[in-house]
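Chains, contacts and geometry: an overview
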Amino acid sequence: VRSHCHEGLLESAHARRAQVLPNTPFSLVRALDLGDLRVELLHFGPAHTDHDVVVSIPSRKVWFTGGLLQTDRDIHVGPDASVESWPMALDGMLGGADDDTRYVPGHGPVVDRMAVFEQRANIGMLYGSTEQLVRRGVRLEQAVEALDSPTTPDGEKHPGTPDWEWPFSTDTVRQALPVIYGELESRGVVARTQLPIQGI
């Protein structure tokens, strides 16, 4: 019996704990002929994890998205997520979609492409808002603190509060902030204290 996975799964911590591993890894795409049905397995890059696989049935205009899409709850941002590239993975599933395309999420009811567009926008906003904070010099602990206390005792906006509302719940943002701060740091984007400019 063949079981398929992205090749990155075999090197992951999940695989090291598994009793049985998939035996047919692939890199980007694999097509399966199921007689009267063609099924495509695709990897659009790191997103929910670094080895997400989605399943497309082109003739039926159906996508099975796994954890890339959640429709009855917020997304789950685990330590191996890549929030920066997650929207691009959703773009891969949206390419060529039309009003008849349906998406079966990892959790929740089946949705159309507009729901995927909305989640793509929210994930992009989550990443963009966090990057904005970092570039303003806001440290991770300040951003987390601001989730529970968005204003200071004197009524001013907490420096760790973004310029617009977070697109997900406080718990989800709290989970995501360390991951995104880590992604930004890996690109050399870190919070630096802004020193006042001395007049000449």
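The text that follows walks through the structure, step by step, so that each part is easy to find.

Cut-offs used in this document
- Residues numbered from 1 in each chain as written.
- Predicted model: local features only at pLDDT ≥ 70, side-chain atom pairs only at ≥ 80, totals over all residues.
- Heavy atoms only, no water.
- Pairing = 2+ DSSP bridges.
- Helix = DSSP H or I, 4+ residues; strand = E, 2+ residues; numbered from the N terminus.
- Axes fitted to C-alpha atoms, helices over the stretch in contact; angles between N-to-C directions.
- Parallel < 35°, antiparallel > 145°, perpendicular 65-115°, else oblique.
- Left-handed = near helix turned anticlockwise from the far one by under 90°.
- Contact = heavy atoms within 4.5 Å.
- Phe/Tyr/Trp six-rings, centres within 6.5 Å; stacked < 30°, edge-to-face > 60°.
- Buried < 20%, exposed > 50% of the residue type's maximum accessible area, 1.4 Å probe, protein only.
- Arc of directions from axis to C-beta.
- Core = buried A, V, L, I, M, F, W, Y, C linked by side-chain atoms within 4.5 Å.
- Salt bridge = Lys/Arg side-chain N within 4 Å of Asp/Glu carboxyl O.

Some words on the sheet that holds strand β7 (residues 102-107)
With mixed pairing, five strands are arranged side by side in an open sheet as β3-β4-β5-β6-β7. A single partner strand is all that each edge strand has here, and the edge strands are β3 (29-33) and β7. The average undirected angle you get between the axes of adjacent strands in this sheet is 25°. Note that strand β5 (residues 54-57) and strand β6 (residues 62-70) share three bridges and pair antiparallel.

A word on the packing of helix α2 (residues 86-94) against helix α3 (residues 113-135)
Packing of α2 against α3 brings their axes to within 9 Å, and their N-to-C directions diverge by 165°. With respect to α3, the axis of α2 lies roughly antiparallel. Once α2 is placed against α3, the crossing between them reads as left-handed. For the pair formed by α2 and α3, the contact residues are Trp86, Pro87, Leu90, Asp91 and Leu94 on the first element and Arg113, Val116, Phe117, Gln119, Arg120, Ile123 and Gly124 on the second.

Notes on the packing of aromatic side chains
Under the criterion given, the structure shown has one aromatic pair. Centroid distance phenylalanine 44 to tryptophan 63: 6.2 Å. Interplanar angle 40°. Geometry classified as tilted. Here phenylalanine 44 is found in the loop between β4 (38-42) and β5, whereas its partner tryptophan 63 is found in strand β6, with 19 residues between them in sequence. Assessed through its relative accessible area of 11%, tryptophan 63 is described here as buried.

Quick word on α2
Buried within α2 are the following residues: Trp86, Pro87, Ala89, Leu90, Met93 and Leu94. On an axial view of α2, the arc spanned by its buried residues comes to 155°, and they lie on one face. Where α2 is buried, its residues meet β5, β6, β7 and α3. At the exit of α2 stands glycine 96, carrying a positive phi of roughly 80°.

Thoughts on the nonpolar core
Among the nonpolar cores identified, the biggest contains 37 residues, and Leu68, Val77, Val83, Trp86, Tyr103 and Leu126 are the most heavily contacted of them. Residue contributions to this core peak at seven residues, all from helix α5 (residues 170-186). Among residues more than four places away in sequence, those in contact with valine 83 are Val77, Ile123, Leu126, Tyr127, Val179, Ile180 and Glu183.

Some remarks on the pairing of β4
For β4, the tally of buried residues reaches four of five residues, placing the bulk of the element in the interior. Here β3 pairs with β4 via five bridges, running antiparallel. Across the sheet, residue valine 29 finds its bridge partner in β4, namely leucine 42. Where β3 folds back onto β4 in an antiparallel hairpin, the turn is made up of four residues, including glycine 35, whose phi is positive at roughly 85°. Strand direction decides the pairing type here: β4 and β5, joined by three bridges, are antiparallel. Across the sheet, residue leucine 42 finds its bridge partner in β5, namely valine 54.

Notes on the pattern of salt bridges
Tallied over the entire structure, the rule returns twelve salt bridges. It is possible to trace a salt-bridge network through shared partners that takes in Glu84, Glu131, Arg135 and Arg187.

Some thoughts on unusual backbone geometry
Backbone geometry places lysine 61, a non-glycine residue, at a positive phi of 55°. Within the secondary structure layout, lysine 61 lies in the loop between β5 and β6. On the basis of relative accessible area, lysine 61 is assigned to the partly exposed category, the value being 32%.

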